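# Residue-level structural notes
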Amino acid sequence: MDEASVASEGALGGAGVGLRAGALGLVVRLAAEGAGALIVVLTGGEKGEEEKSRYEKAASHEVTLLARPSPAVHSATIMSETPPLRIDDDTWLLVLTGAGVSAESGIPTFRDAGGLWEKHRVEDVASPEGFRRDPELVWRFYSQRRVGMGSAAPNPGHAAIAAIERRLGDRFLLATQNIDGLHKTAGSERMVELHGNLYTTRCSVCDRPPFEDHEVHLDGKLPTCSECAARGATALLRPHIVWFGEMLDPANMKRVDDFLLEAKRHRLVFLAAGTSGAVYPAAGFVDLVRQMRGETWLVNAERADNASAFGHFVEGPSGKVLPALFAT
Ligand SMILES: NC(=O)c1ccc[n+]([C@@H]2O[C@H](COP(=O)([O-])OP(=O)(O)OC[C@H]3O[C@@H](n4cnc5c(N)ncnc54)[C@H](O)[C@@H]3O)[C@@H](O)[C@H]2O)c1
Ligand SMILES: [Zn+2]
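Residues numbered from 1 in each chain as written. Chains lettered and ligands numbered in written order. Predicted model: local features only at pLDDT ≥ 70, side-chain atom pairs only at ≥ 80, totals over all residues.

## Observations concerning the environment of cysteine 206
Along the chain, cysteine 206 turns up in the loop between strand 7 (196-203) and strand 8 (211-212). The class for cysteine 206 is exposed, based on 12 C-beta atoms found within 10 Å. Residues cysteine 206 and cysteine 228, spaced 22 residues apart in sequence, show a C-alpha to C-alpha distance of 7.0 Å. (Helix = DSSP H or I, 4+ residues; strand = E, 2+ residues; numbered from the N terminus. Buried ≥ 20, exposed ≤ 12 C-beta atoms within 10 Å, placed from the backbone.)

Here is the structure:
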């Protein structure tokens, strides 16, 4: 199997994140942790049933298969001119963004960096194991990200998303995989930051609420939790970011879930922009929306991994395409 998403509980999954290669292990873990329904999204239909039994055997848990139709049934079309996207008074719009939307603000995407972040392997700087092994390196890495944001400003793509939200109000929701906070700066309010936020910190031990934090730790001195210290314990603070192998915040998934449930009674449009379609569960949103008979749009600089699942694909930079799409 080359693509899978894993979700547990709820239509969209109350929690769960899986990468392509890590999906089977995650299903096994979720099952062991007593997850409710497990939904696995597979591509390449035919072999789906085979894969389903492989998952069920490994996890000793029933798995629901959500196979994608083959690209031939719903082929993506590349359009040279921006096609019309109809947004009327009954339209509910879910927008999903990824690193590509911030590329025109000068923030490198994961792919641009060759799969490495500033020459570090992702698992060293963006996983709980990496943090346990070398918290100094992890804090240095995220401190550099904080510094590196410098004067980065939202681009016309961010602005177009904020403008369409102002038009639609509660009929709009933005789910972003970006941690850079540029959507908020651009004025987006109805938003879930699926992977956390670069300027938010939390305790790695206690459950004090995450807090805004612009501090940088480049000198190897690690930040510790004052609330744990007050109880006589020492605990490291950590970036409030969803690392590889970690669960998404169920509250965020619930917000997307609730939005879709409400939108189901209306004209639902889903638009993904600047995302490679490889990181789940967000990469599986398109399948869920299509199951709900919603309209699906992809705006990306290149064919994303899950491009064939979309009804419309507009190839181009989001800073140009989004203002044009939302202007109609
Ligand atoms: N800005 C950020 O916050 C940031 C930056 C890098 C990585 N990340 C994290 O890395 C993970 C990577 O997943 P991802 O899918 O978001 O990013 P990705 O880097 O895997 O993919 C980005 C996609 O955007 C496309 N793209 C590049 N420039 C574009 C443009 N100007 N307009 C439209 N599309 C463009 C690329 O072709 C690619 O398909 C995410 O989990 C994210 O949290 C975040
Ligand atoms: Zn604490």
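This is not the end of the story, as more comes after the structure.
## Points about the sheet that holds strand 7
Sheet architecture is open: 3 strands sit in the order 8-7-9, paired in antiparallel fashion. Each edge of the sheet is formed by a strand with only one pairing partner; in this case those strands are strand 8 and strand 9 (237-241). As paired strands, strand 7 and strand 9 are joined by 4 bridges and run antiparallel to one another. Counterpart to glycine 196 in the pairing with strand 9 is isoleucine 241. Its contacts with the sheet put helix 6 (residues 135-149) on strand 7 and strand 9, and the angle it makes with strand 7 is roughly 140 degrees. (Pairing = 2+ DSSP bridges. Contact = placed C-beta atoms within 7 Å. Axes fitted to C-alpha atoms, helices over the stretch in contact; angles between N-to-C directions.)

## Here's the deal with the sheet that holds strand 11 (residues 295-300)
Here we have 6 strands laid out as an open sheet, ordered 6-5-4-10-11-12, and parallel in their pairing. On the outer flanks of this sheet lie strand 6 (191-193) and strand 12 (312-315), each paired with one strand and no other. Direction aside, the axes of adjacent strands within the sheet are offset by 15 degrees on average. As paired strands, strand 10 (residues 267-273) and strand 11 are joined by 5 bridges and run parallel to one another. Across the sheet, phenylalanine 270 pairs through a bridge with threonine 296, a residue of strand 11. Together, strand 10, strand 11 and strand 12 form the strand contacts of helix 12 (residues 318-327), whose direction differs from that of strand 11 by roughly 145 degrees.

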